[in-house]
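Results of the structural survey
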Amino acid sequence: QVQLVESGGGLVQAGGSLRLSCVANGRTIGAAAMGWFRQAPGKEREFVAVITWTGRASYVDSLKGRFTISRDNAKGTVTLQMNSLKPEDTAVYYCASHRSGSYYYTSSYDDWGQGTQVTVSS
């Protein structure tokens with residue numbers, strides 16, 4: 001099991017940017033695809049983006065053009081660059097290691113970080 005740790009969250013004004021990072025403690029993330037999800041208060045956890053070992057990225061349609069996922073396999077890190085943030089982006093953001101199945105479902109991931117809070121003020 002991989003212990004994932006997210007960082008980089010915080011409070012930002014609408015239109016601002018944040019860069020979230022995810023590192024694996026104790027082990028590398030290996031060749032697993034790595035995803036970012038988010039969960040707003042009172043809502044289901046939802047898919048944000050995923051990146052494969054080879055760097056192929058996929059995003060939820062509503063965030064394309066504002067969010068960019070990347071990974072450094074040598075360092076075992078995954079980042080999520082978030083630009084032009086909106087109040088509706090406020091949520092706890094989680095990174096996760098893909099196990100099998102569709103990239104878009106939480107059930108396809110087996111290792112999760114504790115999350116990092118992102119709050120966007122209007």
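Please refer to the structure placed before this passage.
A brief report on the enclosed structure follows. Note that the coordinates shown come from a computational prediction; the quantities given were computed from them, not determined experimentally.

**Comments concerning the overall build of the protein chain**
Within the protein chain, the regular secondary structure consists of zero helices and 11 strands. Secondary structure elements of the protein chain occur, N-terminal to C-terminal, as β-β-β-β-β-β-β-β-β-β-β. In terms of overall dimensions, the protein chain is globule-like: its C-alpha atoms have a radius of gyration of 13 Å, near the 14 Å expected for 122 residues. Along the longest, intermediate and shortest principal axes, the C-alpha atoms of the protein chain span 40 × 25 × 25 Å. Of all 122 residues assigned to the protein chain, the portion counted as buried reaches 45%. Within the protein chain, contacts between residues separated by at least 24 positions form 56% of all contacts whose residues are at least 6 apart in sequence. Put simply, the protein chain shows about 6200 Å² of open surface, and 47% of that area lies on carbon and sulfur atoms. In the protein chain, the 12 positive side-chain charges and the 9 negative ones have mean positions that sit 4 Å from each other.

**Some details on the state of the cysteines**
Note on terminology: disulfide describes a covalent bond linking the sulfur atoms of two cysteines. All told, the structure shown has one disulfide when counted by the stated rule. A sulfur-sulfur distance of 1.9 Å marks the disulfide that ties Cys 22 to Cys 95. As the torsion about the S-S bond is roughly 55°, the Cys 22-Cys 95 disulfide counts as right-handed. Here Cys 22, found in strand β3 (residues 18-25), pairs with Cys 95, found in strand β9 (residues 91-98); they are 73 residues apart in sequence, far enough to count as distant. The exposure class assigned to Cys 22 is buried, which follows from its relative accessible area of 1%. Its relative accessible area of 0% is what places Cys 95 among the buried residues.

Cut-offs and rules
- Residues numbered from 1 in each chain as written.
- Predicted model: local features only at pLDDT ≥ 70, side-chain atom pairs only at ≥ 80, totals over all residues.
- Heavy atoms only, no water.
- Helix = DSSP H or I, 4+ residues; strand = E, 2+ residues; numbered from the N terminus.
- Rg over C-alpha atoms; globule rule 2.2 N^0.38 Å.
- Buried < 20%, exposed > 50% of the residue type's maximum accessible area, 1.4 Å probe, protein only.
- Contact = heavy atoms within 4.5 Å.
- Areas by Shrake-Rupley, 256 points an atom, 1.4 Å probe, with all protein chains shown as cover.
- Lys, Arg positive; Asp, Glu negative; His and termini not counted.
- Charge placed at Lys NZ, Arg CZ, Asp CG, Glu CD.
- Disulfide = S-S within 2.5 Å.

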